[in-house]
Amino acid sequence: MRVSKRILATILALGIVGSALSGCSGSSPASSAAAGKTSSGSDSAPVTVEWWTISMQPTFTDLFNGLIKDYEAEHKNVTIKWVDLPYESIQQKLITASAGGKSPDVVNLNTQMTLALVAKNAIVDLEKEATTEQKGIYIKSLYDSARIGDSVYAFPWYAAPCVMIYNKALFEKAGIASVPKTYEEADKLAKTMKDKTGAYLYMPEEFNHALFLDGVPMLSEDKKTAAFNNDRTLSKITELKDMTSKGLLPKTGWGDWDTSIKLFETGKLAVINSSGETINRIKDEAPNIYKTTAIANAMVGKSGFVYDALMNMVVPAASKNHKAAIDFANYITNDKCQLALCKACAVSPSTIKAAADPFFSSDTSTLEGQVRDISAKTLADSKDICLGIPNQDNFQNAINKIYEACVQGGTDPKKSIQDAEESANRILAENQ
């Protein structure tokens with residue numbers, strides 16, 4: 001599903017913030033989340049590191065002020081200036097600030113935003129400027145989410161790996177004994193679900209997302225030309241179009257989180273492959289459906305990995321304090337700091353040690369606890385969408401036109417793919 005903004009629902013939805021937050025004022029949680037002294041030291045000239053986040057205040061003001069206080073205590077020469085901005089404005093504000101010579105030093109961006117700014121040479125390559133120790137704390141697949149070739153442009157921060165959220169009553173009514181583990185299995189069960197219950201079994205992902213989950217090659221090896229005009233793409237869109245024409249899958253709303261939840265909450269959709277915040281929304285908006293909801297491992301495509309929407313920390317190239325900025329970005333995304341955030345809301349960590357913490361398996365008696373447990377266990381097999389190119393979002397949008405033209409517009413599948421290929425190649429040419 002489209003998640004560049006959806007992951008922020010985790011932070012903004014009041015129903016998600018747990019009782020842990022009430023203990024996040026003062027120095028106590030910060031002390032539990034503080035890391036040791038890191039590489040910037042405390043003997044150099046005073047420096048101010050300006051840190052931008054997305055929609056963290058006021059919910060997490062006390063938590064992060066405590067973490068900042070601990071960091072500054074360990075780094076007497078460093079002052080952290082924290083600025084919180086809305087999702088809609090942060091990317092443009094960063095571009096404007098950098099052009100005006102007033103760049104922040106550390107910025108919270110999602111993977112799509114990060115890769116878009118790489119095309120403008122606006123982000124520091126951490127493979128060149130971060131230490132081996134700093135880079136080594138993260139789950140590799142998540143660290144590589146902002147990789148282009150030999151360069152990596154972000155430290156991964158909080159994650160939202162998908163789990164399966166399903167309606168037990170619909171599966172029982174359909175006579176389906178076990179939930180599908182793959183989209184391929186789901187396709188075989190979709191007719192039974194629709195015939196017996198009138199509900200769709202699942203909502204397809206955005207088409208570029210579906211290809212990514214199936215491991216379909218979308219780029220040439222040198223990443224200069226599109227490669228998705230192949231038999232696998234044709235087979236995929238033809239099959240999905242056929243299923244929608246028979247009424248087995250929705251024809252519209254692919255990858256749209258709100259649409260999927262509304263269908264699920266009205267008993268018209270049996271499965272949502274989504275992250276933990278969806279459970280809290282269902283609980284608030286449809287308590288009767290919540291009572292018959294269960295959790296399982298996310299359905300996967302032929303690639304076998306679980307989709308994971310990431311938020312990251314990047315260092316703008318225009319920062320005048322690269323070393324101190326990298327050090328703070330590494331600190332705020334380290335094991336202890338990430339664990340403090342995860343205990344305050346329904347997100348997962350991107351670091352190796354934090355993901356193994358007993359906290360994530362401490363309560364599996366509730367749906368929320370089951371989500372937390374499954375999410376942590378699948379982190380090592382999870383990935384954000386990364387094609388290794390700048391302006392990835394534009395390229396993905398070109399692929400999604402295949403679905404719009406073919407399924408919604410009735411265009412021949414082969415022509416839909418050919419048209420998208422031409423558009424995608426024009427986008428790739430702009431990067432060269």
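What counts, and at which threshold
Residues numbered from 1 in each chain as written. Predicted model: local features only at pLDDT ≥ 70, side-chain atom pairs only at ≥ 80, totals over all residues. Heavy atoms only, no water. Salt bridge = Lys/Arg side-chain N within 4 Å of Asp/Glu carboxyl O. Helix = DSSP H or I, 4+ residues; strand = E, 2+ residues; numbered from the N terminus. Buried < 20%, exposed > 50% of the residue type's maximum accessible area, 1.4 Å probe, protein only. 1 Å grid on protein atoms, 1.4 Å probe; cavity = no way out; pocket = protein on both sides within 12 Å on 5 of 7 lines; lining within 4 Å. Points joined across faces, edges and corners; volume = space filled by probe spheres on them. Nonpolar A, V, L, I, M, F, W, Y, C, P; charged D, E, K, R; others polar. Axes fitted to C-alpha atoms, helices over the stretch in contact; angles between N-to-C directions. Parallel < 35°, antiparallel > 145°, perpendicular 65-115°, else oblique. Left-handed = near helix turned anticlockwise from the far one by under 90°. Contact = heavy atoms within 4.5 Å.

An unreviewed UniProt entry annotates the protein chain as Sugar ABC transporter substrate-binding protein of Caproicibacter fermentans.

A. Structural view of the pattern of salt bridges. All chains considered together, the criterion is met by 13 salt bridges. The shortest N-O distance in the salt bridge between E50 and K81 comes to 3.9 Å. Of this pair, E50 sits in strand β1 (residues 47–54) while K81 sits in strand β2 (residues 78–85), and the two are 31 residues apart along the sequence. Between D195 and K191 there is a salt bridge, and its shortest N-O distance comes to 2.6 Å. In this pair, D195 and K191 are both assigned in helix α10 (residues 183–197), 4 residues apart and thus about one turn of the helix distant. For D195, a relative accessible area of 52% gives the class exposed.

B. Spatial organisation of empty space enclosed by the protein. Overall, the coordinates contain 4 cavities of 30 Å³ or more when judged by the stated rule. Reported here for the second largest cavity is a volume of approximately 90 Å³. Contributing elements (two or more residues each) for the lining of the second largest cavity: α11 (207–213) and α12 (231–245). By residue class, the composition of the lining of the second largest cavity is 6 nonpolar, 1 polar and 3 charged.

C. Inspection of the packing of helix α20 (residues 392–408) against helix α21 (residues 413–430) at higher detail. At a closest axis distance of 8 Å, the pairing of α20 and α21 adopts a crossing angle of 165°. Looking at the two axes, α20 sits roughly antiparallel to α21. Of the two elements, α20 crosses α21, and the hand of that crossing is right-handed. Here α20 contributes N394, F395, A398, I402, A405 and C406 to the contact with α21, which in turn contributes P413, S416, I417, A420, S423, A424, I427 and L428.

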